[in-house]
Amino acid sequence: MNAIEIYKAQEEIALEKYNECKARLAQTADENKTEKKALHIELGMYSLCLRAGLFDRGGTAPDHAETALEHRNKIMPRIIAKYPRINTLFRTLTAEERGKFISAIQAELYMRDQIYKTYLEQLEEAKEAGDAASIFELKIKTGALESVFDAWEAWRKANGIYPNMF
């Protein structure tokens, strides 16, 4: 499996979660305001995984994945240094394997480092402050991200492509 195929598989996982949530939102009655709010937040997280993690711009051109991977290649060195175990493995890979590794790991690494970690910190602060509204929202956000991370990890395990990195 090459880097483009890996990218497309991860993109498909995030798109499935996005589309499934969008369908649930469409089926939810307008009077169920709390449920609709929760689904909007969840949908936003799946969209964030696509846009920020995968650099998916909704393109359908054949070079869509290549363009996204070019951007991801530029970001990886700035983030990976914070993760010694992952960085050590990365430094031992050939150029071709690095491309596959970046495709398999970078989206989750970025999302964990730049977004998920912050939400977890905010959730702890909200719990300490007893801020029920923030706790509600942050639990949905972290739960949606964890759902994507779990699905990506399950795919990596099933395909033998850099499992157990996180």
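Keep in mind the model is a prediction, meaning the values are calculated, not measured.

**Observations regarding helix α4 (residues 84-91)**
Here's step 1: Along α4, the residues that are buried comprise Ile86, Asn87 and Phe90. Taken down its axis, α4 places every buried residue within 100° of arc, on the same side. Residues of α4 that are exposed and angled more than 90 degrees away from the buried face: Pro84 and Thr88.
Here's step 2: Of the surrounding secondary structure, the elements contacted by the buried residues of α4 are α3 (64-80) and α5 (95-129).

**Remarks on the side chain of Arg156**
Here's step 1: Looking at the element boundaries, Arg156 is found in helix α6 (residues 132-159).
Here's step 2: Owing to a relative accessible area of 0%, Arg156 belongs among the buried residues under this scheme.
Here's step 3: In this structure the side chain of Arg156 is engaged in a polar contact, spanning 3.4 Å, whose partner is the backbone oxygen of Tyr162.
Here's step 4: The residues contacting Arg156, other than those within four sequence positions of it, are Gln10, Ala104, Ile105, Glu108, Ile161, Tyr162, Pro163 and Phe166.

**Brief notes about unusual backbone geometry**
Where the residue is not glycine, phi is negative for most of them; where a peptide bond is considered, it is trans in most cases.
Here's step 1: Positive phi values are uncommon outside glycine, yet Tyr162 reaches one of about 50°.
Here's step 2: Of note in the backbone geometry, Asn164 takes a positive phi value of approximately 60° without being a glycine.
Here's step 3: Among the secondary structure elements, Asn164 is positioned in the segment after α6.
Here's step 4: Asn164 sits in the partly exposed class, given a relative accessible area of 45%.

**Looking at the side chain of Gln10**
Here's step 1: Note on placement: Gln10 falls in helix α1 (residues 3-27).
Here's step 2: Once residues lying within four places of it in the same chain are set aside, the contact partners of Gln10 are Leu54, Arg72, Ser103, Ala104, Trp152 and Arg156.

**Examining the confidence of the model for the protein chain**
Here's step 1: With 96% of its residues at a pLDDT of at least 70, the protein chain reaches an overall mean of 93.
Here's step 2: Mean pLDDT across the elements of the protein chain ranges from a minimum in α3, with 84, to a maximum in α6, with 98.

**A few points about the environment of Asn2**
Here's step 1: The residue Asn2 is located in the segment before α1 in this model.
Here's step 2: On the accessibility criterion, Asn2 (38% relative accessible area) is partly exposed.
Here's step 3: Residues Asn2 and Phe101, 99 residues apart in the sequence, show an inter-C-alpha distance of 9.9 Å.
Here's step 4: From its side chain, Asn2 meets the backbone nitrogen of Glu5 in a polar contact 2.8 Å long.

**Points about the pattern of salt bridges**
Here's step 1: Within the structure shown, the criterion is met by 12 salt bridges.
Here's step 2: Across the pair Asp113 and Lys82 runs a salt bridge whose closest N-O atoms are separated by 2.9 Å. Highlighted residues: Asp113 in helix α5 and Lys82 in the loop between α3 and α4, separated in sequence by 31 residues.
Here's step 3: Asp113 sits in the buried class, given a relative accessible area of 4%.
Here's step 4: Note that Glu108 is salt-bridged to Arg156, the shortest N-O span being 2.9 Å. Taken together, the residues span a long stretch of sequence, with Glu108 in helix α5 and Arg156 in helix α6 at a distance of 48 residues. Comparing Glu108 with Arg156, the two get one shared label, buried.
Here's step 5: Each of Glu108, Arg112, Glu153 and Arg156 takes part in salt bridges that share partners, so that together they form one network.

Procedures and definitions
- Residues numbered from 1 in each chain as written.
- Predicted model: local features only at pLDDT ≥ 70, side-chain atom pairs only at ≥ 80, totals over all residues.
- Heavy atoms only, no water.
- Buried < 20%, exposed > 50% of the residue type's maximum accessible area, 1.4 Å probe, protein only.
- Helix = DSSP H or I, 4+ residues; strand = E, 2+ residues; numbered from the N terminus.
- Arc of directions from axis to C-beta.
- Contact = heavy atoms within 4.5 Å.
- Polar contact = N/O pair within 3.5 Å; in protein donor to acceptor, adjacent residues only side chain to side chain.
- pLDDT = per-residue confidence, 0-100.
- Salt bridge = Lys/Arg side-chain N within 4 Å of Asp/Glu carboxyl O.

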